[in-house]
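Read off the chains here:
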Amino acid sequence: MLHPLSQPGAARNFTDFNRLVEPPPHCEPLKGRSFICVLFLSFLQFLEGSKGSTNVCDSVELFTVIISGDWHPATRLPMKYILVTGGVISGIGKGIIASSIGMILKSCGLRVTAIKIDPYINIDAGTFSPYEHGEVFVLNDGGEVDLDLGNYERFLDINLYRNNNITTGKIYQHVINKERRGDYLGKTVQVVPHITDAVQEWVMNQAMVSVDGHKEEPQICVIELGGTIGDIEGMPFVEAFRQFQFKAKRENFCNIHVSLVPQPSATGEQKTKPTQNSVRALRGLGLSPDLIVCRSSTPIEMAVKEKISMFCHVNPEQVICIHDVSSTYRVPVLLEEQGIVKYFKERLDLPIGDSASNLLFKWRNMADRYENLQKTCSIALVGKYTKLRDCYASVFKALEHSALAINHKLNLMYIDSIDLEQTTETEDPVKFHEAWQKLCKAEGVLVPGGFGIRGTLGKLQAISWARTKKIPFLGICLGMQLAVIEFARNCLNLKDADSTEFEPNARVPMVIDMPEHNPGNLGGTMRLGIRRTVFKTENSILNHPYFVGVQFHPEFSSRPMKPSPPYLGLLLAATGNLHSYLQAGCKLSASDRYSDASDDSFSEPRIAELEIS
């Protein structure tokens, strides 16, 4: 049998061309003139099917590669790199912009990965105080990384690796190790070219690692450069990408610059000068932005957009405006509405249509639902890092995902656990009573993870309140450990029950150190990463609607359309819907059936089937 060439469907890229040329298992391999004929006919079919989505010159170049003998079935389209930089101030939303761009391109049918570059000297984020950079996000491979990788995973529904987070410390450690091994053959090791080359090599290698579970190489790599342009610690990375844009070639490299357009209250006028200066600084370092994403508190006026276009040397359609919105789910929708798909298609020669597909439609529907929710569920988060919301970013998102799944708006009340203790009642009675007032109003209580003895007494009191008053409770990590201690002390009359973390010589040690834990060293000394956990249940001895504690961190695996089961259980119990959910076989509804209504009844399915095991 000869290779079938008349199959329906058009080839759209190298992968499709491979499928056209590769013979099915029942066909004999083609040789000689027959193989050349098949290649040529397949090439013509490839061109015919690629009209409007594939550059003809690139296709001719492809066939040149084929007949030269350099092509083989593993050939792929060149990797496309999208670098996201920031200006004016940090914390401007580069992570959400990068995540949203990746999500839009994924909705176009492309495989997307992401890399975050943090210019600090730390090897990873594991030893940071939560007040330094917010929470430490933990990956499936145990990597302790910047919280922006959590945004990437949630938006793109992928699983990244520790090497998707690059730091100055990692790069210098890598280069110094090579120097110690003699890899540089006695040369003077310098920032340029050795550090900059190491950055480029790391990016290219990690961009090829599959992150979607299908073991296929990504086609798009979105790279976020942390900090702001002009920071001295970020200079080696900017120089690395200045060089890299030529190595990758223009059609495979794109730079998006995120800047701030402030609006002083004194005048109410949107100011463009900070963006102009930021773009000028970026150009002075050798990078020219292809898109300028302008962040603002209110929608940017057309005159302001045209002014930025004129003084920053880009077309008006290359100025994208993202104002403050009610939820981050709206950001991909705003980007798509401003023609970003069409721009990427032309700029990077992507084999896609002019608009995104069903995935973005689901996101738009989800954003609409979020803004129209009427019923509210109040959850008290009792922790010790409540002064900075980013300290519990993934916990907040997991609660929000679950609340949205059952058509409720989340009202998360942050309570500093110390404010619940008797010492606060003596020193600041107003703060003490305000904290307890919040706790008494809550429909559910969550005690997240943490370290150290400070604030544990307040957490124990909150747990005792939830248990005795039958308020739905979820304890994560330390929260679970304290729930065990509270139950042992107050229900089992083990008054000396404690954790060896707080009292190494505890008479009744209910919680002990894990074998691999090393309290003398910091960084990578805990049990980290994904592991199979069997959640066994029996008849509860508490007679409680929901009193659950887990050692692992389920918030790291929660997704907007696939909420984490322990968090979903808390929200279901807090809204009085847990029994209905269990009676229905732990099923709600398909995500694509989300409606704009905020009806919280379970007469119809609402979200995707969830498996709890």
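Everything in this summary refers to the structure shown in the same document. Because the structure is a prediction, the values reported are computed rather than measured. (Residues numbered from 1 in each chain as written. Predicted model: local features only at pLDDT ≥ 70, side-chain atom pairs only at ≥ 80, totals over all residues. Heavy atoms only, no water.)

## Observations concerning the sheet that holds strand 8 (residues 291-296)
Phase 1: Read from one edge to the other, the open sheet built from seven strands follows the order 5-2-6-1-7-8-9, with strand pairing classed as parallel. Two strands close off the open sheet at either side, each with one partner strand: strand 5 (165-167) and strand 9 (319-323). For this sheet the average axis-to-axis angle between neighbouring strands, irrespective of direction, equals 20°.
Phase 2: Contacting strand 2 (112-118), strand 5 and strand 6 (220-225), helix 6 (residues 148-156) crosses the sheet at an angle of about 170° to strand 2.
Phase 3: On the sheet, helix 9 (residues 235-248) packs against strand 1 (80-86), strand 2, strand 5, strand 6 and strand 7 (253-260) and is oriented at approximately 145° with respect to strand 7. (Pairing = 2+ DSSP bridges. Helix = DSSP H or I, 4+ residues; strand = E, 2+ residues; numbered from the N terminus. Axes fitted to C-alpha atoms, helices over the stretch in contact; angles between N-to-C directions. Contact = heavy atoms within 4.5 Å.)

## Regarding the packing of aromatic side chains
Phase 1: As enumerated under the stated definition, the model contains 14 aromatic pairs in all.
Phase 2: Between Y120 and F128, the ring centres sit 4.8 Å apart and the planes meet at 90°, which makes this aromatic pair edge-to-face. The pair formed by Y120 and F128 is uniform in burial state, with each residue classed as buried.
Phase 3: On the basis of an interplanar angle of 75° and a centroid distance of 6.1 Å, the ring pair of F244 and F253 is categorised as edge-to-face. (Phe/Tyr/Trp six-rings, centres within 6.5 Å; stacked < 30°, edge-to-face > 60°. Buried < 20%, exposed > 50% of the residue type's maximum accessible area, 1.4 Å probe, protein only.)

## A word on the pairing of strand 13 (residues 473-476)
Phase 1: Both faces of strand 13 are covered, namely the face carrying F473 and G475 and the face carrying L474 and I476.
Phase 2: Relative to strand 13, strand 12 (residues 444-447) runs parallel, the two being bridged by three bridges. Its bridge partner lying in strand 13, L446 is registered against L474.
Phase 3: The handedness of the strand 12 to strand 13 crossover, carried by helix 18 (residues 456-468), is right-handed.
Phase 4: Examined bridge by bridge, strand 13 and strand 16 (residues 547-550) share four bridges and lie parallel to one another. Bridging from a neighbouring strand, L474 pairs with V548 of strand 16. (Right-handed = clockwise from strand over helix to strand, strands pointing away.)

## Some words on the pattern of salt bridges
Phase 1: This model, assessed by the stated rule, comprises 21 salt bridges.
Phase 2: For D141, the salt bridge goes to R162, with nearest N and O atoms at 3.7 Å. Of this pair, D141 sits in the loop between strand 3 (137-138) and strand 4 (144-145) while R162 sits in the loop between helix 6 and strand 5, placing them 21 residues apart in sequence.
Phase 3: On the accessibility criterion, R162 (36% relative accessible area) is partly exposed.
Phase 4: Residues R330 and D368 are paired through a salt bridge, measuring 2.7 Å at the closest nitrogen-oxygen approach. Of this pair, R330 sits in the loop between strand 9 and helix 12 (331-337) while D368 is found in helix 14 (residues 358-372), placing the two residues 38 residues apart along the sequence.
Phase 5: Here R330 falls in the buried class, since its relative accessible area comes to 12%.
Phase 6: Residue D368 is classed as partly exposed on the basis of its relative accessible area, which comes to 23%.
Phase 7: Through salt bridges with shared partners, one network takes in K116, D118, D146 and D148. (Salt bridge = Lys/Arg side-chain N within 4 Å of Asp/Glu carboxyl O.)

## Let's talk about the side chain of H194
Phase 1: Relative to the elements of secondary structure, H194 occurs in helix 8 (residues 191-207).
Phase 2: If we skip the residues at most four places from it in the chain, H194 touches V175, Y184, T188 and V189.

## What about the pairing of strand 1?
Looking along a regular strand, one sees side chains alternate from face to face of the sheet.
Phase 1: When you tally the buried positions in strand 1, you get seven out of seven residues, the bulk of the element.
Phase 2: Every second residue of strand 1 is oriented toward a common face, with K80, I82, V84 and G86 on one face and Y81, L83 and T85 on the other, all of them buried.
Phase 3: Here five bridges tie strand 1 to strand 6, and the two strands are oriented parallel to one another. The residue bridging I82 from the neighbouring strand is V222, located in strand 6.
Phase 4: Two strands pair when backbone bridges link them, and strand 1 and strand 7 are joined in this way by six bridges, in the parallel orientation. When the sheet's bridge partners are listed, I82 is paired in strand 7 with C254.

## Notes on the packing of helix 18 against helix 19 (residues 478-490)
Phase 1: Relative orientation of the contacting elements helix 18 and helix 19 amounts to 70°, with a least axis distance of 9 Å. In terms of axis orientation, helix 18 runs roughly perpendicular to helix 19. The hand of the helix 18/helix 19 crossing is right-handed. Contact residues: T456, K459, L460, I463, S464 and R467 in helix 18; L478, G479, L482, A483, I485, E486, F487, R489 and N490 in helix 19.
Phase 2: Here the residues of the contact of helix 18 with helix 19 are counted per class, giving seven nonpolar, four polar and four charged. (Parallel < 35°, antiparallel > 145°, perpendicular 65-115°, else oblique. Left-handed = near helix turned anticlockwise from the far one by under 90°. Nonpolar A, V, L, I, M, F, W, Y, C, P; charged D, E, K, R; others polar.)

## Structural notes on the nonpolar core
The nonpolar side chains of a soluble globular protein tend to be buried, and buried together.
Phase 1: Core analysis: the biggest nonpolar cluster contains 54 residues, and I101, L105, I256 and F344 have the highest contact counts within it.
Phase 2: It is helix 4 (residues 94-107) that provides the largest number of residues to this core, a total of seven residues.
Phase 3: Grouped together as the second largest cluster of nonpolar side chains are 32 residues, C477, L571, A574 and Y581 included. (Core = buried A, V, L, I, M, F, W, Y, C linked by side-chain atoms within 4.5 Å.)

## Side note on the environment of V199
Phase 1: Its place among the elements puts V199 in helix 8.
Phase 2: C-alpha separation for the pair V199 and Y172, spaced 27 residues apart in sequence, amounts to 9.7 Å.

## Observations concerning a nonpolar patch on the surface
Phase 1: A grouping of Y172, I176, V191 and V192 is seen on the molecular surface, where their side chains present a nonpolar patch of about 320 Å² in accessible area.
Phase 2: Put simply, the parts of the chain that give the nonpolar patch at least two residues each are helix 7 (168-181) and helix 8.
Phase 3: Secondary-structure assignment places I176 in helix 7.
Phase 4: Residue I176 is classed as partly exposed on the basis of its relative accessible area, which comes to 46%. (Patch = residues over 30% accessible without salt bridge, like charges linked within 9 Å, V, L, I, M, F, W, Y side chains within 5 Å. Areas by Shrake-Rupley, 256 points an atom, 1.4 Å probe, with all protein chains shown as cover.)

## Description of helix 6
Phase 1: Counting buried positions along helix 6 gives nine out of nine residues, so the element sits mostly inside the fold.
Phase 2: Regarding helix 6, the residues found buried are D148, L149, G150, N151, Y152, E153, R154, F155 and L156.

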